[in-house]
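Below are the chains, spelled out letter by letter.
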Amino acid sequence: PQKRVKSAQAQSKTSKIMNTFQISPSSCKVKQKPSDSKTILKQNPVEPHEYVDDQVEDSLQMALQYFEKGPIKIPSRKDKILEKHLKTVENVAWKSGLAPEAIDILLNVALSGKFGNTVNTRILKCMIPTTSISEDSVVKAVSWLCVSKCSGSTKILFYRWLVAMFDFIDHKEQINLLYGFFFASLQDDALCPYVCHLLYLLTKKENVKPFRVRKLLDLQARMGQQPHLQALLSLYKLFAPTLISVSLPVRKKIYFKNSKDLWNSAVLAVKLRNQHSFTEPRKLTFSPANFNPLKRKWKSRSVTPVLNSGSYPKECGKKEMSLSNCLSCDRSLPLERLQSFPLLLKNIHCLELPSQMGSVLNNSLLLHYVNCVRDESLLLRLYHWLNQTLQEECIWYKVNSYEQSKEFANLLDTIIRAECFLQEGFYSCEVFLYKSIPLWDGLCCRSQFLQLLSWIPVSSFSEMKPLLFDHLAQLFFTSTIYFKCSVLQSLKELLQNWLLWLSADIHMKPVMSSPLQITLDASMNSVSELIHYVGWLSTIALRLESNSTFLLHFILDFYEKVCDINIKHDLPLVVLFPPGIFYSSLLSLDTSILNQLSYIMHKYHKNLIAAKKKELVQKAKSEFSFSTKTCQQFNHYLTTMIGCLWTSKPFEKGVYIIDSKMLENTEVSKYKNSLNLVHHPSLLSYAVSFLLQESSEERTINISSIREKKWHCYLDYLFSEGLQGLKFFIKNSIHHSSVS
Amino acid sequence: MDTSDAPESTPRQSTTSSLTDYFIGTTPLQKRLESIRKQVSVLPTPPRRKIPQGSGLQENVDPQKVAFLLHKQWTLYSLTPLYKFSYANLKEYSRLLSAFIAAEKQKGLAVEVGEDFSIKVIFSTLLGMKGTQRDPEAFLVQILSKSQLPPQNREGKVLWTGWFCSIFGDSLLETVSEDFTCLPLFLANGAESNTAIIGTWFQKTFDCYFSPLTINAFNLSWLAAMWTACKMDHYVATTEFFWSVPCSPQSLDISYAIHPEDAKALWDSVHKTPGEITQEEVDLFMECLCSHFHRHFKIHLSATRLVRVSTSVASAHTDGKIKILCHKYLIGVLAYLTELAVFQVE
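Remember, it's a predicted structure, so these values are computed and weren't measured experimentally.

A.B. asks: Help me out: how do you make sense of the overall build of chain B in this one?
C.D. replies: Helix and strand counts for chain B come out as 10 helices and 15 strands. Excluding contacts between residues fewer than 6 apart, the proportion of contacts in chain B whose partners are at least 24 apart in sequence is 70%. When the accessible surface of chain B is summed, it comes to about 15,500 Å², and 54% of that surface belongs to carbon and sulfur atoms.

So this is what it looks like as structure tokens:
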């Protein structure tokens, strides 16, 4: 049965235009073809390659329909409709290739001789598959050759096409059954060279027969020593040396004029598409298919190497290894055949690693493998490859084109996806960041660069700082607020990755050996240094951006991670935010900032209490000691916050005591109240709407009337408005403060 | 807002040892990373070097082969360590590489390994071409065209030559395991298309990576100073510098030739520490040359770019082309180039 692949949407559209189509509810359609009585069932599986938008798809379908039905009258030379449809087909074909079904239809058209020679030629020239050609179509096309409806030149073109696209035909068994037919076509002098080439590709050992050898020798006697005949003869001789006694020249020259040149670029494009669609499973395939035929001579067309199992070096030790030997060895599973996860599991002990390690980046199955095999030389190979590739492809090292920068971004995307998949950074990327950040403009591939940054493995921060973070700081201070926010975002991710690694690591080791103890301290030190660094960046950034709320959000996002390290990750660390961030948030005009601040304060509180408890329990073997300064600092923040929001006695206690005279000088009447939950500039609107809700008929509202009982109602109102952070903070702190 | 216990992706389980390794620095990769950190943080080249002395070649070196390497223009590449390369298999490599070249040249046809082709590939070691005993043996790859003359004078024309070497390449050695062979410097002479084919074969077979090795102006000045400092019995070429001025429509090249003895005299006047060259001396040497030029032509060469240096010892172009003239200092020149290659590979 023949299938036509088409998206459901496109199909329904087509049906509106083409009333010969009928749609059955199951969206399968049955159509009676006038030419033969065979019923063709057309289904519509979803085609993954269809990026073509509906319009193009529609017009392609119309064109196919047109060609299939054939012209109503004999087309005149300049038939506009014909021309339009031809153009459509050509455009689609050269852009994204044709589906096997489209090729099937068009081959039929071209070889049945419905149209003139020029049309046939044009159709044949654009028979470019998206990924493959079905064997059936070829067999059907060959059957047209028997009825001689098409001209000699069309036949030649067809053979050339067959040779060029030979690798894309999905099966070849049936075509091989037609061997005798092709062989008979050798008689035709014009076809002979092309048929020879086809036979050269098609011949198997069992095709070599004495009568064919005789025929070939006859032909050679008649036509002279033609290179194409010699090619076929030498192939025959390779298969059956006993059958051919004539000597063939040892020196090889090019046997066939390149039949592919018509389709050279198209063939490359198809190969590339196939290469990318190869990796399984689909959702994890990386790197979009784009290619650049002018690309360096040195490497294959894509930056990452093609997956090839590496049999060379291993097999080389053996003395005699002939081609057949090499082909017959089946001890280990070649990577080309590794298509699914179960296959990987079954063959994990005898997997041949790729000859070029860089190819694993594009293959999720092999990434699984890399993930569990900690082979040092495997990692070294990947390291070297990645290192050099990044260095060579990096676009801010040299002047270059848009194409290149896109390619580089794609490479980085591939790497980042692999890193996310492995949940681990590559050393080469870290090295790349060190080497390239001094030259980076902060714009080029920004998101990729910053993502790479977030995958740097845990290591000594003080060592990394001069190499990376000092440069980053320079860029940070001199760039826009958006850049600042994205840097903070990726630093947050970096922190998160570090915390995950560290917490996983600690819990794997129940007994702490002494060297690890040191490393734990060292790594905790690193984390705290990272947090201090971000604190420093943020404080200055807030000043530069005049306390932008937007920026403050990103900063507080970072501290949301920081405040919960002790409890969430079970790591002995509590680092507070610097005063600059605390006060900016406390005095912010934005409610959500105040809410976020309250949430963070609440979490800090819990973490500190947990840490204190742990300290009491493990007095002897103190994992870490919080400096009393941290506690003091927190208490100060807490009292300040309570003083402002709750007790209306702002800045009376703590480290930063502000002289009341100074506050009076601001000429704010009732300055004491002006930062409490009712009067706080970010909550004022809540207070007003609360009062309006309470008594909407009153003309004037007195905000100061929210006191005592009403105060508590007001609190409930605030909490119901989604200020969860504030709720946590108040419930937690006020309770405790009243107790103490 | 983060609701405190949002699910986070679980980290990999197998990192257990990696963290410990990280801080103790046991694995080769860790060592490598550490050395790179040091490298990036300090100047790329050490501020002082030894002046090349004597021949430095090991005794078992084949003089014919060395002579073959001289007076040819080589294009430089850096090369990452070769994986599973074995000196015992050179013959096998010859066969495989010649089959590969044949296949590349006549795309689309089946080629049987070991069959007769019009070309011949020869792998041979360059015995003694090393700086220390730890350096792996250098080796040479040649492509000969097979003449159709009778076998006795079958020595065909050399179509392409390339060789791999490591002279004092210790620093790279320390950071790889024994599966690898470190020959960071690759020199090729012949058509670039051949270099591409052969390079591709090496990349596919030994999972290595070739990158063109260019020599920047900073390193060219070092080369100029070092080569001027070399003691020569007789000079075969003038000392010449090329400076390039980027201007449109065509860039302007300034050639600056000095009598080699004058150059040596200038060097001797700036040179202080015996047997060693320091960064200050190199800078001073170049400054003197430039100020001399400025006095005569009122052109500040320091504002232009040094692109080529040629002396009686060797000549080098910033594109990564080198020609070695003096047998005596072959090892010295290669040692510096190895250093550059190692730096690029790391």
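Following the structure, the description resumes.
A.B. asks: Please explain the overall build of chain A as it appears in this structure.
C.D. replies: Per the secondary structure count, chain A includes 33 helices and two strands. Residue burial in chain A is summarised as follows: out of 740 residues, 51% are buried. Counting contacts in chain A only where the partners sit at least 6 residues apart, residues at least 24 apart contribute 72% of the total. Looking at chain A as shown, the accessible area adds up to about 35,100 Å², and 57% of this sits on carbon and sulfur atoms.

A.B. asks: Just to check I follow, could you spell out helix H7 (residues 152-164) of chain A for this structure?
C.D. replies: In an α-helix there are 3.6 residues to a turn, and that puts residues three or four apart on one side. The end-to-end C-alpha distance of H7(A) is 18 Å, a good match for the 18 Å that 13 residues give at a rise of 1.5 Å each. With 10 of its 13 residues buried, H7(A) lies for the most part within the structure.

A.B. asks: For this particular structure, what's the right way to read the confidence of the model for chain B?
C.D. replies: Predicted coordinates in areas of low pLDDT are best not read in detail. Per-residue pLDDT for chain B has a mean of 80; in total, 77% of the residues score no lower than 70. By mean pLDDT, helix H1 (residues 16-24) of chain B is the weakest element of chain B at 43, and strand E8 (residues 185-190) of chain B is the strongest at 94.

A.B. asks: Got a minute to help me understand the pairing of strand E2 (residues 73-79) of chain B in this structure?
C.D. replies: On a regular strand, one side chain projects to one face of the sheet and the next to the other, so that they alternate. Residues and elements named next belong to chain B. The buried fraction of E2 amounts to five of the seven residues, a majority that puts the element mostly inside the structure. Where E2 lies against E8, four bridges are found, and the strand directions are antiparallel. Its bridge partner lying in E8, Leu76 is registered against Leu187. Summarising the sheet, E2 and strand E9 (residues 210-212) pair through three bridges and their orientation is antiparallel. The residue bridging Leu79 from the neighbouring strand is Phe210, located in E9.

A.B. asks: Which parts of the structure should I look at to understand the pattern of salt bridges?
C.D. replies: Once the charged atoms of two side chains with opposite charge are near each other, the side chains can pair. Residue and element names in this part refer to chain A. Using the criterion set out here, one finds 12 salt bridges over all chains in the structure. In this structure, the salt-bridge partner of Arg122 is Glu90, at a minimum N-O distance of 3.0 Å. You can see Arg122 sitting in helix H5 (residues 117-125) and its partner Glu90 sitting in helix H3 (residues 80-96), a full 32 residues away along the chain. Classification of Glu90 by relative accessible area gives buried; the value is 16%. The salt bridge involving Asp470 is made with Lys465; its shortest N-O contact spans 3.1 Å. Overall, Asp470 belongs to the partly exposed group, its relative accessible area being 32%. Look at the salt bridges and you will find they share partners, linking Glu83, Lys87, Glu90 and Arg122 into a network.

A.B. asks: Can you help me understand the packing of aromatic side chains in this one?
C.D. replies: What describes a pair of aromatic rings is the distance from one ring centre to the other and the angle between the planes of the rings. All names here are of chain A. What the rule picks out here adds up to 63 aromatic pairs over all chains. On the numbers, 5.4 Å between centres and 85° between planes, the contact of Phe558 with Tyr559 is edge-to-face. Phe558 gets classed as buried once you look at its relative accessible area, which sits at 0%. With relative accessibility at 1%, the residue Tyr559 sits in the buried group.

A.B. asks: Sorry if this is basic, but what is going on with the state of the cysteines here?
C.D. replies: Linking two cysteines covalently via their sulfur atoms produces the bond known as a disulfide. Residue and element names in this part refer to chain A. Summed over all chains, the structure comprises zero disulfides over all chains. Between Cys192, a free cysteine, and Cys196, which holds the nearest cysteine sulfur, the sulfur-to-sulfur gap is 4.3 Å. Classification of Cys192 by relative accessible area gives buried; the value is 0%.

A.B. asks: Can you help me understand unusual backbone geometry in this one?
C.D. replies: Of all residues except glycine, most have a negative phi; of all peptide bonds, most are trans. Phi at A:Ser546 is positive, roughly 40°, even though this residue is not glycine. Locating A:Ser546 in the fold gives a position in the loop between helix H24 (514-544) and helix H25 (549-562). Judged by its relative accessible area of 61%, A:Ser546 is exposed. The phi angle at B:His71 is positive, at roughly 60°, despite the residue not being glycine. In this fold, B:His71 is placed in the loop between helix H3 (63-69) and E2. Taking relative accessible area as the criterion, B:His71 reaches 55% and is therefore assigned exposed.

A.B. asks: Please clarify how the packing of helix H2 (residues 54-69) of chain A against H3(A) should be interpreted in this entry.
C.D. replies: Residues and elements named next belong to chain A. Between H2 and H3, whose axes approach to 9 Å, the crossing angle comes to 125°. Overall, the two elements H2 and H3 adopt an arrangement that is oblique. The chirality of how H2 crosses H3 is left-handed. Of the residues in H3, those touching H2 at Val56, Ser59, Leu60, Met62, Ala63, Tyr66 and Phe67 are Ile81, Leu82, His85, Leu86, Thr88, Val89 and Val92. The class makeup of the residues in the contact of H2 with H3 is 11 nonpolar, three polar and no charged.

Reading the values: the criteria
- Residues numbered from 1 in each chain as written.
- Chains lettered and ligands numbered in written order.
- Predicted model: local features only at pLDDT ≥ 70, side-chain atom pairs only at ≥ 80, totals over all residues.
- Heavy atoms only, no water.
- Helix = DSSP H or I, 4+ residues; strand = E, 2+ residues; numbered from the N terminus.
- Contact = heavy atoms within 4.5 Å.
- Areas by Shrake-Rupley, 256 points an atom, 1.4 Å probe, with all protein chains shown as cover.
- Buried < 20%, exposed > 50% of the residue type's maximum accessible area, 1.4 Å probe, protein only.
- Expected span 1.5 Å × (residues − 1).
- pLDDT = per-residue confidence, 0-100.
- Pairing = 2+ DSSP bridges.
- Salt bridge = Lys/Arg side-chain N within 4 Å of Asp/Glu carboxyl O.
- Phe/Tyr/Trp six-rings, centres within 6.5 Å; stacked < 30°, edge-to-face > 60°.
- Disulfide = S-S within 2.5 Å.
- Axes fitted to C-alpha atoms, helices over the stretch in contact; angles between N-to-C directions.
- Parallel < 35°, antiparallel > 145°, perpendicular 65-115°, else oblique.
- Left-handed = near helix turned anticlockwise from the far one by under 90°.
- Nonpolar A, V, L, I, M, F, W, Y, C, P; charged D, E, K, R; others polar.

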